[in-house]
Amino acid sequence: MKLSNKTKFAFGIGALGKDLCYAIISYFLMIYFTDTVGLTPLFVGNLFLVARVWDAINDPMMGFVVDNTKSKWGKFRPWILVGAIVNAIVLVFLFTKPAGLTGASKSIYYSVMYILWGMSYTVIDIPYWSMLPSLSSTKEERDAMSVIPRIFASSAWLLMGAFAIKLVSVLGKGDTAKGYSLLAMGIAVIFVITSMITAVFVKDRSCYETNTGKKAEKTTVKDAIHVIMANDQLKVFIGVVLCYNLVVQLAGGIAIYYFKYVAGNNDLYPIFTTASQFAEIAALFLFPILSKRFTKKQVFAMASFSPAIGLVGLVASSYFAPQNIVIIALSGVLYKLGSGLTLGATTVMLADVIDYGQVKLGTRNESILASFQTLLVKTASAVSAWFIGVGLTLVGYVANAKQSASTIMGMRILMGVIPTIFTILAFVIYVKGYKLHGKYLEDILKQVNRDAPVEEAQEESETKEVFES
């Protein structure tokens, strides 16, 4: 089925609101907790880590639930809509500072809200990315289609990085807590609207399978465990995506502290993030072109080593030119140029791993496999926050005060050294373990397409024939 431009746009725009929601969490939640709410960095880091323990159970189970959902809207779209509404509401409460809450009651309130946010984000994120392999069936269309939602997602991160601090100041009129609350409300509205567009206007393969009247088999917990354990390429995907997200989340999480205290100018943060996100968007446009001209290994090498050069360069410049705008912008470009290429590559990897599992194991289970992407993103966020929280505590960080030399050095290590280690590790895992490329992958896609039901070629035409696998 060739996708119409309307379908591509309707699917892609769903990532805009979803990632606006995630970006405010990733960029600002920790500094909101420490510098606005008054929670300690150690408590926040531990909270993020503990929440991920629950996600290790919650995320795969949500994938299990989505895979067993049968409705006339398919198995993905109902959850996208429900998840967006619930997550948007929780986001507003998370960035609301209730009057009178102090001590243990304040800690409990924000702990509950954060855990609820993580659970409800899972409800939309898993079905959203699970839908992609059911929309595209050829390698060329998949490579092109995979970058569309990533471009919308990167645009969301660009907007947050460039304008959020200013918006908090303007909306709050000097009251930071009020500014964050109003910004969260605006994001919540956009989140729901864009998710509704996706849910209403995008039809995937599961919608047509439901309408054929064919009785679909239920996925049991035993089946789900087998799907996870027997898919060797899923393990490679997990390693690569975890390392990549640790790079992005760690550098992104410490960046606002870095520019505030190491560079000594908080206004440099939007310059870094704006340059970074423009580079990421450019890389997403470049990804299909580079994929045609270079091997997957060569593209992934560019994706892995570019962030290392950018982040190490940024930290090195802090010794002789900490506020040089050109160096800061260039470092941001190199950092997120690699990030954009990795986003394109891992989005394609997920679809390939799902198809590989179908051919190898005889069952598709998009949502169970896609649940690992959601879990890995949130795990990386939590581990990064824990690194930052524990690291800042160990080196004596004091909120809103002049930092010691050891604290500054700790921030440099968190910003440049540790992310560099993880991005190189991602490349090693990819080279050593990933095999879904070339003729081997082409044969897998041919097998999947032979087993797939015939779908509507145009929205106005209907077909009832189904190929039995």
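Keep in mind that what you see is a predicted model, and the values were worked out from it rather than measured.

1. What about helix α13 (residues 366-394)?
- In this model α13 runs 42 Å from its N-terminal to its C-terminal C-alpha over 29 residues, within 8% of the 42 Å that 1.5 Å per residue would give.
- Most of α13 is tucked away: 23 of the 29 residues are buried.
- A positive backbone phi angle near 85° is found at glycine 396, which sits one or two residues after α13.

2. Things to note about the pattern of salt bridges
- Tallied over the entire structure, the rule returns nine salt bridges.
- Here glutamate 280 makes a salt bridge to lysine 336, at a shortest N to O gap of 3.5 Å. In this pair, glutamate 280 sits in helix α10 (residues 268-293) while lysine 336 sits in helix α12 (residues 325-361), placing the two residues 56 residues apart along the sequence.
- Judged by its relative accessible area of 4%, lysine 336 falls in the buried class.
- Connected via shared salt-bridge partners are Lys18, Asp19 and Asp125.

3. Notes on the confidence of the model for the protein chain
- On average, residues of the protein chain score 84 in pLDDT, and 90% of them are at 70 or above.
- Here residues 211-215 is modelled with pLDDT under 50, and outside its nearest four sequence neighbours on either side it reaches two contacts, counting other chains as well.
- Residue range residues 454-469 is modelled with pLDDT below 50. Its contacts to residues more than four positions away, or to other chains, number 25 contacts.

Calculation notes
Residues numbered from 1 in each chain as written. Predicted model: local features only at pLDDT ≥ 70, side-chain atom pairs only at ≥ 80, totals over all residues. Heavy atoms only, no water. Helix = DSSP H or I, 4+ residues; strand = E, 2+ residues; numbered from the N terminus. Expected span 1.5 Å × (residues − 1). Buried < 20%, exposed > 50% of the residue type's maximum accessible area, 1.4 Å probe, protein only. Salt bridge = Lys/Arg side-chain N within 4 Å of Asp/Glu carboxyl O. pLDDT = per-residue confidence, 0-100. Contact = heavy atoms within 4.5 Å.

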